[in-house]
Amino acid sequence: MTQRASELSGEQRGGAPGRGLTAAEVAERISRGEVNDVPVRSSRSLTEIVRANVLTRFNLIIGVLWVIMLAVAPIQDSLFGFVIIANTGIGIVQEWRAKKTLDSLAVVGESKPVVRRDGKAAGIHTSEIVLGDLIELGPGDKVVVDGTVAEADGLEVDESLLTGEADPVLKKTGDTVMSGSFVVAGGGAFTATKVGREAYAAQLAEEASRFTLVRSELRSGISTILKYITWMMVPTATALVISQLVVKDNNFKDSIARTVGGIVPMIPEGLVLLTSVAFAIGVVRLGRKQCLVQELPAIEGLARVDVVCLDKTGTLTEGGMDVTELRALGDAEEPYLRRVLAAFGASEPRPNPSLQAIIDAYPAPEDAGWTTTGTLPFSSARKYSGAAFTEDGGAAFAWLLGAPDVLLSEEDPALAEIGRLNEQGLRVLLLARARGELDAPDAAEGAEPAALVVLEQRLRPDAGRTLAYFGEQRVATKVISGDNAVSVGAVAAKLGMEGADHPLDARRMPQDTDEIASAMEQNAVFGRVTPQQKREMVAALQSRGHTVAMTGDGVNDVLALKDADIGVSMGSGSEATRAVAQIVLLNNSFATLPSVVAEGRRVIGNITRVATLFLTKTVYSVLLAVLVVCFQVEYPFLPRHLTLLSTLTIGVPAFFLALAPNKERAHPHFVRRVMRYAIPSGVICAAATFVMYLIARHHYSGTGALDAETSAATLTLFLVSMWVLAIIARPYTWWRVCLVAAMGLAFLVVLAVPWLQDFFALKLVGSRMPWTAVGIAVVASALLEYAWRLVGRRFGG
């Protein structure tokens, strides 16, 4: 679409005022390509998945080495190539499964803007909007394309996601609205003037919320490790090639095979695969629980969270409420107050949960006879809404409905009774008659109290268990709500939340970031919090080094959700909250959060474990190559030997360990933590293996000596590597013990079965060298235990 919005004539905009486009006009615009055709994707395409898994630098290196080995050596020395093909296939299949899960959940969770066509309003897909469509707006709705306001009823739009300015902007007819902004109060409609790729802000918002595999400490850490490995490989492999082909006068094909055998194990080829598989399986598992992960690193991020900020309404309580009492404060009688509340409810086309409860309790009669002359939409910042009516007899009054402690003066005697109701966890709204105009800045000043509307909130049955889970996992929970602090504290206390007995009114919060952080750390429940304060609270916690998750479902939560490390939105929440959140709970169940936390901890904890296995192999492979070059000896292993060792001590166990349960909270500095263990483990493995190899070289002589030396060195390396596996598999469970035992048994089978001995070129000669290998392995294992405990004591595990 190329036509500019500024060139749109009245005829091009189409439709009668307020009725929107006709079906014929919509068809005409579709035929001209004037549709909102920005592609919406929640994950990578199949082509991108295949490309990402196949076209890697290490696959290229291994592919070249594999072709060489197929040409010069028996097929058993080329097994590593088949392993890579299998690994790549597994990675593609698992990520494709995750993609299908994500795409199906994204469709379920997709919000549909309401478009008016032929005078009828209906929800349609964002991609079906055409140029000139009349799109309705209400609180929480996201502006999906650029446009011009056609109707406005107290329409306030937050443009902070575009401009950084937090203050809502009052929009009037003729004003411009930009995609990426959202409605915080009021309602209206706007005409789409820029759709598709012309709506640049919409493109930015879509790109920002796309499924992604980047910006993850885990992935960036692995990339850093792979970069260092590449730097080490190039000089080491070059020296090894020269050593085996030039310095040693060996058989050419055997020299090639041993050279490749020294290079291949330097590459931690399965590490990237396992990371992708662990993340992908995590997405599938969470998808089964109706949890949409809009950004993959969110699984990892929530595992690192140590503070969860909760909005009360919609999180600890269900969205619905019930009116339990209407208590008159002035001379007005209850039937009249009911009439006022019924008219109030009828004046709001998109009521919030509180007003919906009032509508359910006091429905407007069909022959109301009252005329609405003005409205003031509810705003989280001011804490009240308003409506003006002309009554049956012609009397005109303006009414306010909102927070009693905002509308009443601090000396008002009614506040004491309201406080007692709040202590019971009840929500109390004040109905008051305004003295001035609704749109006046001081509309609430001097309002005359008329009645208290007492609402009972429905607690989520699983909220208590969820709060208890976070307590057990040493994750601090903070309830930050716009409701009365005492009422919020009472609700939290009913759920057994620690610290709920002394809630803090946010209106008395300090302004300094450091003081806000101290207040946040010392208290658990906060009431009368404005949207901007929620944002400041999140920033204050982050300034103290906390990793903060924020949950919410209303427009007052959007700023905090966006700034938090992890934003979690309810599926029934506003369109704006779902747009900025990394995780959407489509089943609206707060109880799903522990599953997300557990999944993240499983992924990170287990990848840290298996990364140590892979990098131990890289370290000992590089060191063995360096030692071979320095001592000018044949490389002790053929590719088949290291393929066998890698499969039994790393490949197969790593797959099981990567998917096992793990509840340990994720720790920062992934690369540093892994290398603290991998370097000493690799050094000990390399030293033990090379010492055994040198001893065997002095012991064996004659024909077949090299094969005997290789077998003794292989036994040593296997036993020491098995001890590394045994350490990493801790704490032991029955299946972990069985896993380690099965790997050891598999190696014994290879040593015992003649045709497997021939296939892998492994045959222990005599008894002296094999038992020497066992003795060296025992000493090395003791050194491993000491090194791991030393690192654990010095660096905290």
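All figures in this text were calculated on a predicted structure; none of them were measured in a lab. (Residues numbered from 1 in each chain as written. Predicted model: local features only at pLDDT ≥ 70, side-chain atom pairs only at ≥ 80, totals over all residues. Heavy atoms only, no water.)

### Examining the sheet that holds strand β17 (residues 504–505)
Alright, step 1. Taken in spatial order, the 8 strands make up an open sheet running β8-β21-β20-β19-β9-β16-β18-β17, and their pairing is mixed. In this open sheet, the two strands that pair with only one neighbour each are β8 (291–293) and β17.
Alright, step 2. Relative to strand β21 (residues 583–585), β8 is paired through 3 bridges, and the arrangement is antiparallel. If you follow V293 over to β21, its bridge partner there is I583.
Alright, step 3. Its contacts with the sheet place helix α17 (residues 485–494) against β16 (476–480), β17 and β18 (525–527), and it is angled at close to 145° to β18. (Pairing = 2+ DSSP bridges. Helix = DSSP H or I, 4+ residues; strand = E, 2+ residues; numbered from the N terminus. Contact = heavy atoms within 4.5 Å. Axes fitted to C-alpha atoms, helices over the stretch in contact; angles between N-to-C directions.)

### Quick notes on the environment of F82
Alright, step 1. Inspection of the secondary structure assignment puts F82 in helix α5 (residues 79–109).
Alright, step 2. Overall, the relative accessible area of 40% leaves F82 in the partly exposed class.
Alright, step 3. Between the C-alpha atoms of F82 and L593, which are 511 residues apart in sequence, the distance is 40 Å.
Alright, step 4. Setting aside chain neighbours within four positions, we find F82 in contact with W66 and I75. (Buried < 20%, exposed > 50% of the residue type's maximum accessible area, 1.4 Å probe, protein only.)

### Things to note about the packing of helix α24 (residues 670–699) against helix α25 (residues 705–728)
Alright, step 1. α25 packs onto α24 with a crossing angle of 155° between their chain directions and a minimal axis gap of 9 Å. What the angle tells us is that α24 and α25 run roughly antiparallel. With respect to the hand of their crossing, α24 and α25 are arranged in right-handed fashion. Of the residues in α25, those in contact with S681, C685, A688, T689, M692, Y693, A696 and R697 of α24 are L706, E709, A712, A713, T716, L717, V720, S721 and V724.
Alright, step 2. Among the residues making up the contact of α24 with α25, the classes are represented as 11 nonpolar, 4 polar and 2 charged. (Parallel < 35°, antiparallel > 145°, perpendicular 65-115°, else oblique. Left-handed = near helix turned anticlockwise from the far one by under 90°. Nonpolar A, V, L, I, M, F, W, Y, C, P; charged D, E, K, R; others polar.)

### Quick word on the confidence of the model for the protein
Caution applies to low-pLDDT parts of the model: their predicted coordinates are not meant to be read in detail.
Alright, step 1. Looking at the protein, pLDDT values average 81 and 90% of them are 70 or higher.
Alright, step 2. For the protein, per-element mean pLDDT is lowest for helix α1 (residues 10–13), which scores 38, and highest for helix α26 (residues 734–752), which scores 94.
Alright, step 3. Taken together, the stretch residues 1–16 has pLDDT below 50 and engages in 30 contacts with residues farther than four places along the chain or on a different chain.
Alright, step 4. Segment residues 205–214: pLDDT under 50, and 26 contacts once partners within four positions in sequence are set aside and those in other chains are kept. (pLDDT = per-residue confidence, 0-100.)

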